Amino acid sequence: MAVTAPSAQPRVFTSGRAARTARWLVRFIQRDPVGISSGVVLVVIVLASFVGPMFLPYQPNALGDTNIAAPSLSHLAGTDQYGRDVFTRTLYGGRTSLTVGFVAAFVGSAGALGLALVFTYAGGKWDYVWNRIVDVNMALPGLVLLLVLVTIFGPSVFTIAVILGVRAAITGTRVMRSVILSTKTEDYILGAVSLGASPVRVMVRHIVPNVIAVSIVTSTLAVGGYITAEASLSFLGLGVQPPTPTWGGMMSIDGRAYILRQPWMLIAPATMLTLTVITANMFGDFLRDTMDPRLRGASGRRGGAGSS
Amino acid sequence: MLQYTLRRVAGSIPTILLLIFAVSVFTRLIPGTAVDAMLVDSSTSLQNVEEIEERLGMNRSIPEAYFDYLLSIADGSLGTSLYADQDVWPIIRGRALPTIQLAVMAMLISGVLGVAVGVLSAVKRNSIWDYMARLMVNTSLGVPNFVVATVVVILPAYFWRWTPPLRYTSMFDDPVAGFFFFLAPVLTLATALSAAIARLTRTATLEVMNEDYVRTARSKGLPEGTVIYRHVLRNSLMPVVTLLGVQIAFLLNGSIITEQVFSIPGVGTLLIQKIAERDWPVVQGLTLVGGTIVALANLGVDILYGYINPRIRLS
């Protein structure tokens, strides 16, 4: 919120650093208000989930004395069938769901970048074999694979995030590969090579900075999918196991049975999940429009209002 | 064109062989403790660890197990279930019909709905319709399938005191009862799918609307309707039609959840049940069938795309 403060009265500053920053901020926000505000909402959700619970009087798994109480001042989102505070559980559930989403996105983007660099540079038959592996990975329906692997390795936050991330890393090499291949033919790469730069130096100093934007954008756009996947697993009873709160688990195991008479048990986690997925997608679209050099010109030509 | 088709078909053979390999070796990931757990489970007729490992091909070398699995595909059995002493393929085939009905109906509805919303959204760009459509699309993509299903069942009950019938009836046995049964699950599955299609259609249509030939058509004074219909849609919808094939993996994922919610005795519920029972040969078979369907759909899309877009053929 402090970020938006200088923009309220930009004309007070006339010169100097502060003025320049303020003008830049105003222009930045005006360019895509929806994208910026979804980013702000996303940050608020993350803070609420990771810092928020410290200020709450309840423990997520503590049994209370009033079961299934309607929302009130002492229980903002009511209590569930064991008397646990739904608001507290929703925030703690955010920790689980967001951790799965972000860890998977990180493993996926870092893995995709690393693998794509290695295999495009190795080239030849290695590149061919790797691409067939990518084909197989893409042919296997995601939920089937996830269900099987979670059954084998056990349903914990860590395994679910890593399974989602590894799969995303393999799938993501396809995109990264095409970006790296088109970057490799640029003149500045040829220049660096002819100046005697080693392959590692070319990769780290010249290719990675140019493809990292694409990597960040794709992983942001994928976060929503990972969170939904974890929720689907919880619904099928194979997600992070109760009593650990997750948004998916609260909506499927606890909430569904009570949806008609006690809808608050479902409303809080469902709102948070939907809001997170939507804002993550919109923020990803915004990042794509601003960061991806290939789309920067295109979005300008189309009037810049995004093309999701 | 024939050459292109043959090249594509040949290109997909290594992928399918690798897929079979991946499915045949995946039982090796199962840790020993899981095998022990299967013995404790009383519903199995299996006597000891060796027998389970034998049945799962875990005591053979990887090439041997792969070859055995290829043989079981060749004789059409896909292996034997650990529990019922039944071949895997007949089990899967017996559960296919409900899933096919669900998938085909959802595909048809979301194809029509998604394309209509996407085109409207692109043509009336930045209008109130566009914003509403995009909001709906983003929301449908954000809400998980099982929540949509719950709402689809609950809302009619709440407002009109009418609950959709929840007992599976095949469309082929009783078309009327089947229609009413499939209404809710098909809507559930079609929500996310049509949102995804609408998104694709909007992008594709917007791209075409920026082409020079569209500006030419407008500047020579053609009415807007003709421009959209003759010049924009004909070009933008072709890639969309082929992209429908890619959505098949999406559809398979969605139908697992949807079948589970509405207790449809299809392939998705079979998968969940067999995973719970640790009946790995059936799970292997299901994974292989699902993977092959997606791989073949992608192949079909590639070939179709080559027919539609001559520029692709040469690359």
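Residues numbered from 1 in each chain as written. Chains lettered and ligands numbered in written order. Predicted model: local features only at pLDDT ≥ 70, side-chain atom pairs only at ≥ 80, totals over all residues. Heavy atoms only, no water.

Draft legend 1. How the structure looks around the overall build of chain A. Assigned secondary structure in chain A consists of 12 helices and zero strands. Helices (α) and strands (β) of chain A occur, in sequence order from the N terminus, as α-α-α-α-α-α-α-α-α-α-α-α. When each of the 308 residues of chain A is scored for burial, the buried share is 51%. Across chain A, contacts joining residues at least 24 apart in sequence account for 67% of those joining residues at least 6 apart. Of the roughly 14,500 Å² of accessible surface on chain A, a fraction of 67% belongs to carbon and sulfur atoms. (Helix = DSSP H or I, 4+ residues; strand = E, 2+ residues; numbered from the N terminus. Buried < 20%, exposed > 50% of the residue type's maximum accessible area, 1.4 Å probe, protein only. Contact = heavy atoms within 4.5 Å. Areas by Shrake-Rupley, 256 points an atom, 1.4 Å probe, with all protein chains shown as cover.)

Draft legend 2. A look at the confidence of the model for chain A. Residue and element names in this part refer to chain A. The predicted model of chain A has a mean per-residue pLDDT of 78, with 82% of residues at 70 or higher. The least confident element of chain A, judged by mean pLDDT, is helix H12 (residues 293-301) at 43; the most confident is helix H4 (residues 86-122) at 87. Below a pLDDT of 50 lies the segment residues 295-308, which in the model reaches 28 contacts outside its immediate sequence neighbourhood of four places, other chains included. (pLDDT = per-residue confidence, 0-100.)

Draft legend 3. Region of interest: a positive patch on the surface. Residue and element names in this part refer to chain A. The grouping of Arg-17, Arg-20, Arg-23 and Arg-27 at the surface amounts to a positive patch. Within the element layout of this structure, Arg-20 appears in helix H2 (residues 16-31). Since its relative accessible area comes to 54%, Arg-20 is described here as exposed. (Patch = residues over 30% accessible without salt bridge, like charges linked within 9 Å, V, L, I, M, F, W, Y side chains within 5 Å. Salt bridge = Lys/Arg side-chain N within 4 Å of Asp/Glu carboxyl O. Lys, Arg positive; Asp, Glu negative; His and termini not counted. Charge placed at Lys NZ, Arg CZ, Asp CG, Glu CD.)

Draft legend 4. Spotlight on the packing of aromatic side chains. Within the structure shown, the criterion is met by seven aromatic pairs over all chains. Relative to Phe-146 of chain B, the ring of Phe-235 of chain A has its centre 4.7 Å away and its plane inclined at 5 degrees; by these criteria the two rings are stacked. Here Phe-146 of chain B lies in helix H8 (residues 145-160) and Phe-235 of chain A lies in helix H9 (residues 199-235), a pairing that spans two chains. Judged by relative accessible area, which is 14%, Phe-235 of chain A ranks as buried. Since its relative accessible area comes to 0%, Phe-146 of chain B is described here as buried. For the ring pair Tyr-168 of chain B and Phe-181 of chain B, a centre distance of 5.8 Å and an interplane angle of 85 degrees mean the geometry is edge-to-face. (Phe/Tyr/Trp six-rings, centres within 6.5 Å; stacked < 30°, edge-to-face > 60°.)

Draft legend 5. Layout of the environment of Arg-95 of chain B. Residue and element names in this part refer to chain B. Here Arg-95 is to be found in the loop between helix H5 (88-94) and helix H6 (96-123). Between the alpha carbons of Arg-95 and Gly-268 there is a distance of 8.8 Å; along the sequence they are 173 residues apart. In this view, Arg-95 contacts Pro-265, Gly-266, Val-267, Thr-269, Leu-270 and Gln-273; residues no more than four positions away in its chain are not counted.

Draft legend 6. Representation of the confidence of the model for chain B within the structure. Residues and elements named next belong to chain B. Taken over all residues, the pLDDT of chain B has a mean of 81, while the share at 70 or more is 90%. Considering each helix and strand of chain B separately, the mean pLDDT is smallest for helix H15 (residues 310-314), with a value of 63, and largest for H6, with 89. With a pTM of 0.79, the predicted complex shows an ipTM of 0.76.

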